[in-house]
Amino acid sequence: IQKYTRGCLARRHCREMKAATTIQAYARGYLARQQFTHTRAAVVKLQSCVRMYQARRNYSRVKSSTVMLQAFSRGYIARKRYSQTRAAITTLQAFTRGFLARKLFAKIRSVVIIQALVRGYQARKHYSGIKASTIVLQAYTRGYLAQKRYIRDRTRVVTSQAAVRGFLARRRFTRAKAAVLTIQKYTRGCLARRYYHKMKAATTIQAYARGYLARQQFT
């Protein structure tokens, strides 16, 4: 009985451990997919923010260049029309103003180029700071999540092991108690039957002895 009982318990324990391993594998796969989804969403959001910032910066540059070009074009057209109406009088003024306009344009263009370089450097520096902060935050978050998952999984495994061990101990105690009661019952029955046979034999001997004494007394 003990050999059969231990075999059943061992097979059941193996099935339970296999089921627990399968559940843990599915749970870890689900957590890994959730973590990958959140990480990918964060990266996509960060990329969209950076691209939007670059697009706005490019649009501002193109707009400022276009406005400047339009302004100079309109000025050139106005000067040309004005020179056409007063070409004989304002020829010298037109050349002078053209020279000053070209010089001013060169200065403004130099200022715009310097501003663009400074803004690009500041934008790259700001992006590097955001990237470093994001990497540090992701590292701390992943460490915290990993530690939390480890504590939760360990607590679940310890609780499951305690429940299984308690169940097996209670079942072993119940079966052992039933076996002891069966043995005690069988032993008491044997003793009672043996005592009954002894008493029956003694009664028979006493009956024969009394009959013999009665016959002797009668004779």
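See the structure shown above.
Quantities reported herein were computed from a predicted structural model and do not represent experimental measurements.

Calculation rules
- Residues numbered from 1 in each chain as written.
- Predicted model: local features only at pLDDT ≥ 70, side-chain atom pairs only at ≥ 80, totals over all residues.
- Heavy atoms only, no water.
- Helix = DSSP H or I, 4+ residues; strand = E, 2+ residues; numbered from the N terminus.
- Rg over C-alpha atoms; globule rule 2.2 N^0.38 Å.
- Buried < 20%, exposed > 50% of the residue type's maximum accessible area, 1.4 Å probe, protein only.
- Contact = heavy atoms within 4.5 Å.
- Areas by Shrake-Rupley, 256 points an atom, 1.4 Å probe, with all protein chains shown as cover.
- 1 Å grid on protein atoms, 1.4 Å probe; cavity = no way out; pocket = protein on both sides within 12 Å on 5 of 7 lines; lining within 4 Å.
- Points joined across faces, edges and corners; volume = space filled by probe spheres on them.
- Nonpolar A, V, L, I, M, F, W, Y, C, P; charged D, E, K, R; others polar.

(A) Representation of the overall build of the protein chain within the structure. When you go through the protein chain residue by residue, the secondary structure sums to two helices and zero strands. Compactness check: the protein chain gives a C-alpha radius of gyration of 52 Å against a globular reference of 17 Å for 219 residues, more than 25% above the reference. With the C-alpha coordinates aligned to their principal axes, the bounding extent of the protein chain is approximately 190 × 25 × 20 Å. Burial statistics for the protein chain: of 219 residues in total, 4% are counted as buried. Restricting the contact set of the protein chain to residue pairs at least 6 apart, pairs at least 24 apart contribute 85%. With the model as given, the accessible surface of the protein chain reaches about 19500 Å², and the carbon-plus-sulfur share is 65%.

(B) A look at the layout of surface pockets. What the largest pocket holds in volume is close to 610 Å³. Lining the largest pocket are 22 residues, with Ala-20, Gln-24, Arg-156, Val-157 and Ser-160 positioned closest to its centre. Within the residue set of the lining of the largest pocket, elements represented by two or more residues are helix H1 (2-85) and helix H2 (91-218). When its residues are assigned to classes, the lining of the largest pocket shows 10 nonpolar, five polar and seven charged. By volume, the second largest pocket amounts to about 410 Å³.

(C) Representation of the side chain of Arg-171 within the structure. The residue Arg-171 is located in helix H2 in this model. Arg-171 sits in the buried class, given a relative accessible area of 13%.

Bear in mind that shape data such as this cannot, by itself, settle questions of function.
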